[in-house]
Amino acid sequence: MNPSQALAEVLVDELVRHGVTDVVLCPGSRSAPLAYAVHDADRASRVRLHVRVDERSAGFLALGLAKVSRRVVPVITTSGTAVANLHPAVLEAHHAGVPLLVLSCDRPAELLRTGANQTTVQPGLFGEALRWRHEIPAPERRAGQTAVWRSAVSRACAAAAGALTGWAGPVHLDVGLRDPLTPDDSHDWPESLEGRPGGDPWTAVASRASRTAPGIPHGAGVDDVPRTVVLLGDLPEPAMADEAVRLAAAAGWPVVAEPFGLMDRTSVLPHGPLLLTCRPWLESHLPARVLVVGRLTLTRDVAALMRLVDRVECVTPVPDWPDPSARVGRVHAWEALSATEIRPRSAEDAEWSARWREAGRRLAATPLWAADEPSGLAVASAVLETLAELPGAATLFVGSSQSARDLDWASAGFATPVTVVASRGLAGIDGCVSTATGLALAGDGPTVALMGDLTFLHDANGLLIGPHEPVPELTIVVVNDDGGAIFSTLEHGDPSRAAQFERVFGTPTGTDLAALCAAHGVAHERVTTIPALRDALRRKASGIRVVEVPLSRTGVRGARATVRANVAAALA
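Source: prediction; values computed, not measured.

Calculation rules
- Residues numbered from 1 in each chain as written.
- Predicted model: local features only at pLDDT ≥ 70, side-chain atom pairs only at ≥ 80, totals over all residues.
- Heavy atoms only, no water.
- Helix = DSSP H or I, 4+ residues; strand = E, 2+ residues; numbered from the N terminus.
- Buried < 20%, exposed > 50% of the residue type's maximum accessible area, 1.4 Å probe, protein only.
- Contact = heavy atoms within 4.5 Å.
- Areas by Shrake-Rupley, 256 points an atom, 1.4 Å probe, with all protein chains shown as cover.
- Lys, Arg positive; Asp, Glu negative; His and termini not counted.
- Charge placed at Lys NZ, Arg CZ, Asp CG, Glu CD.
- Axes fitted to C-alpha atoms, helices over the stretch in contact; angles between N-to-C directions.
- Parallel < 35°, antiparallel > 145°, perpendicular 65-115°, else oblique.
- Left-handed = near helix turned anticlockwise from the far one by under 90°.
- Nonpolar A, V, L, I, M, F, W, Y, C, P; charged D, E, K, R; others polar.
- Core = buried A, V, L, I, M, F, W, Y, C linked by side-chain atoms within 4.5 Å.
- Pairing = 2+ DSSP bridges.
- Salt bridge = Lys/Arg side-chain N within 4 Å of Asp/Glu carboxyl O.
- Phe/Tyr/Trp six-rings, centres within 6.5 Å; stacked < 30°, edge-to-face > 60°.
- Polar contact = N/O pair within 3.5 Å; in protein donor to acceptor, adjacent residues only side chain to side chain.

1. Let's talk about the overall build of the protein
Here is step 1: A tally of helices and strands in the protein yields 21 helices and 17 strands.
Here is step 2: Each of the three principal axes of the protein carries a C-alpha extent, and together these read 85 × 60 × 45 Å.
Here is step 3: The buried share of the protein, taken over its 572 residues, is 54%.
Here is step 4: Taking contacts inside the protein between residues at least 6 apart in sequence as the whole, the part at least 24 apart equals 78%.
Here is step 5: When the accessible surface of the protein is summed, it comes to about 23000 Å², and 52% of that surface belongs to carbon and sulfur atoms.
Here is step 6: Within the protein, the 63 negative side-chain charges are centred at a point lying 4 Å from the centre of the 53 positive side-chain charges.

2. Focus on the packing of helix 14 (residues 402-410) against helix 21 (residues 556-571)
Here is step 1: Following both chains from N to C, one finds helix 14 and helix 21 inclined at 20 degrees, their axes separated by 13 Å at the closest point. In terms of orientation, helix 14 lies roughly parallel with respect to helix 21. Relative to helix 21, the crossing made by helix 14 is left-handed. Residues Gln402, Arg405, Asp406 and Trp409 of helix 14 touch helix 21, and the partners they reach there are Arg560, Val563 and Arg564.
Here is step 2: Among the residues forming the contact of helix 14 with helix 21, the class breakdown is two nonpolar, one polar and four charged.

3. Topic: the nonpolar core
Here is step 1: Judged by nonpolar contacts, the single largest core of 63 residues is most densely connected at Trp356, Val383, Val477 and Leu533.
Here is step 2: At nine residues, the largest contribution of residues to this core is made by helix 13 (residues 376-389).
Here is step 3: Beyond its immediate chain neighbours, meaning those up to four positions away, tryptophan 356 contacts Val229, Pro254, Val256, Leu269, Leu275, Leu276, Trp281, Leu282, His285 and Pro287.
Here is step 4: Core analysis: the second largest hydrophobic core is formed by 39 residues, Ala6, Leu7, Val47 and Leu49 among them.

4. Some points on the pairing of strand 12 (residues 394-398)
Here is step 1: Counting buried positions along strand 12 gives five out of five residues, so the element sits mostly inside the fold.
Here is step 2: The two faces of strand 12 match: Ala394, Leu396 and Val398 on one face and Thr395 and Phe397 on the other face are all buried.
Here is step 3: Bridge count for strand 12 against strand 14 (residues 447-452) is four bridges, and the pairing is parallel. Opposite threonine 395, over in strand 14, you have threonine 447 as the bridge partner.

5. Details of helix 15 (residues 432-442)
Here is step 1: Counting buried positions along helix 15 yields 10 of 11 residues, so the element is predominantly enclosed.
Here is step 2: Listing the buried residues of helix 15 in full gives Cys432, Val433, Ser434, Thr435, Ala436, Thr437, Gly438, Leu439, Ala440 and Leu441.

6. Side note on unusual backbone geometry
Here is step 1: Put simply, aspartate 179 and proline 180 share a cis peptide bond, and its omega is 0 degrees.
Here is step 2: Residue position: proline 180 is located in the loop between strand 6 (171-176) and strand 7 (228-232).
Here is step 3: Even without being glycine, serine 45 reaches a positive phi, approximately 60 degrees.
Here is step 4: As for its placement among the helices and strands, serine 45 is situated in the loop between helix 2 (32-43) and strand 2 (48-51).
Here is step 5: The exposed category is assigned to serine 45, whose relative accessible area is 65%.
Here is step 6: Residues other than glycine seldom take positive phi values, yet arginine 113 does so here, at roughly 55 degrees.
Here is step 7: Mapped onto the elements of the fold, arginine 113 is located in the loop between strand 4 (100-106) and strand 5 (132-136).
Here is step 8: By relative accessible area, which is 70% here, arginine 113 ends up exposed.

7. Thoughts on the sheet that holds strand 6
Here is step 1: Spatially, 2-1-3-4-6-5 is the arrangement adopted by the six strands of the open sheet, whose pairing is parallel. Where the open sheet ends on each side, the last strands, each with one partner, are strand 2 and strand 5. Looking at each pair of strands side by side, their axes are set apart by 20 degrees on average, direction ignored.
Here is step 2: Helix 1 (residues 3-17) contacts strand 3 (73-77), strand 4, strand 5 and strand 6 of the sheet and is inclined by roughly 155 degrees relative to strand 6.

8. Digging into the pattern of salt bridges
Here is step 1: The tally for this structure, following the rule as stated, stands at 26 salt bridges.
Here is step 2: In this structure, glutamate 473 engages lysine 540 in a salt bridge whose closest nitrogen and oxygen atoms are separated by 2.7 Å. On the criterion of sequence distance, the pair formed by glutamate 473 in the loop between helix 16 (453-458) and strand 15 (474-480) and lysine 540 in the loop between helix 20 (530-538) and strand 17 (544-550) is long-range, its members being 67 residues apart.
Here is step 3: Residue class for lysine 540 comes out exposed when judged on its relative accessible area of 66%.

9. Concerning the packing of aromatic side chains
Here is step 1: Inspection of the entire model under this criterion finds three aromatic pairs.
Here is step 2: Summarising the aromatic geometry, the rings of tryptophan 281 and tryptophan 356 are spaced 5.0 Å apart at their centres and angled 80 degrees between planes, so their arrangement reads as edge-to-face. In this pair, tryptophan 281 is assigned in helix 9 (residues 279-284) and tryptophan 356 in helix 12 (residues 347-365), connecting sequence segments 75 residues apart. Take tryptophan 281 and tryptophan 356: they sit in the same class, and that class is buried.

10. Section: the sheet that holds strand 16 (residues 523-526)
Here is step 1: One open sheet accounts for six strands, arranged 13-12-14-15-17-16; its pairing is parallel. One side of each edge strand has no neighbouring strand; the edge strands of this open sheet are strand 13 (418-421) and strand 16. Looking at each pair of strands side by side, their axes are set apart by 20 degrees on average, direction ignored.
Here is step 2: One ladder, built from seven bridges, connects strand 15 with strand 17; its direction is parallel. Within strand 17, the position partnered with leucine 474 by the bridge is isoleucine 544.
Here is step 3: The sheet strands contacting helix 20 are strand 14, strand 15, strand 16 and strand 17, and the helix crosses strand 17 at an angle near 175 degrees.

11. A closer look at the environment of glutamine 402
Here is step 1: Structurally, glutamine 402 is set in helix 14.
Here is step 2: Residue class for glutamine 402 comes out buried when judged on its relative accessible area of 9%.
Here is step 3: In the structure, glutamine 402 is positioned 82 residues away from glycine 484 in sequence and 8.0 Å away in space, judged by C-alpha atoms.
Here is step 4: With sequence-adjacent residues up to four places away left out, glutamine 402 is seen in contact with Ala485, Ile486, Thr489 and Arg560.

12. Regarding the side chain of arginine 131
Here is step 1: Here arginine 131 shows up in the loop between strand 4 and strand 5.
Here is step 2: Buried charged residue arginine 131 carries no salt bridge. Nearest counter-charge: glutamate 128, at 10.0 Å.
Here is step 3: Reaching out from arginine 131, the side chain makes a polar contact with the backbone oxygen of alanine 168 at a distance of 2.8 Å.
Here is step 4: Discounting chain neighbours no more than four positions away, the residues touching arginine 131 are Ala93, His94, Gly97, Ala159, Trp167, Ala168, Gly169, Pro170 and Val171.

So this is what it looks like as structure tokens:
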């Protein structure tokens, strides 16, 4: 056995002992020892291997596998630009709190800074976007290394999972390897390579019992303040949304929720984000306190509400809190939710809360847009409602651009649980196909992704799945308006800027999605009506399939203005 082979086999064995079930691998020569080791582990059914030829897609696949499962998922690359291509996924994992482990292979120390091929300075490549990083030097044929290697894996897995901090996130383990890089069993290794007896990890790290954010002092629960509105944003774990919604329901606090997470949506104001668009109604029903739970990223109406209210507080599960407008006056650790003491509501407070709930019911009962006429809002509503009807625990991944905003407006209350997931850490359109693929591979129920054509095309390589790889059951609904619809809803889409808009913001591509899917052997279906979309979603996916819904970007700005007017009329 040669040194690189010994190190690789020990690292993979220790990862399995720490509960790793899925490994993503990119091809490369310097990473060959790890490729052989993880391939052997896959054949022995110790892990499930996913091979991808594009490192950027591989990083997001690993992120998707880890995002909801909360299990550490390693992604293995060779040296050089291969590692740099993981940076977008690392940044998303950092900001979203996803347990991602970058296991990059490197040249030995004597080849660094010598001009050796495919060699750069890999340690520190990801800057501050890591929970922990470490370099394992190229192994040598001598005793005394096995414990060090296994200990490093223990530290890496603990840091990625946030075992001691409660703050999961990316970790970078850079591994030096010397030739030979292929297995060689002609020599014995000078010490035992075995781990702890019974398959135990080298160092078992007890996880924190609570999700208390480090740096946020422990204390009492959240004050039970009359006329409180809860603004619920994205959280690291989907089920955390339900914890916040249950407290709010017990306290009688209205909840305006972004669509992300897993929660009892019957306890959330239907079309709550739309309620915030009606300034006259809002000003006559202002809360005394806004309680922000999670990170709000979708609309400017949320920031406008917080500017109208003097008392703004925040509950956070991470060692920081979201406050871009500098309005937050008090921050609570996550455990404060369970420590909150609820008092009986006064008649005045109960009446005020009832007016908010009644406003939500009025919006839910009002046709705010044509439900069966193809539009971004109608598509988003149909996808979410149809998923709620399907048997099993469904998951919906939504792209970060216009699709997320359409879903935000379209969400209404229903009891059937649907887990809604998005990449809101940095809200980029990078890697969305691959992230959705990871979610589908890690889950049990039906998985659907909703995204625009630019988001889909940005990760077209996510469709590159080789014939020997696990294939997800995933339906990708692509709203194809040939460009960036979101910009037409912003100041850039003002008609006075039409001369510049189409080329530098609209960015049409004219891509034939059916041909693209055919090139990858992916099923494609084009639907032009909302009933046809619902029928397509009711059919069980076999592998990856794309359901394309062609729309026009013309009139998107005006259509959203009409929705706002309909909301104002319903609340007048």
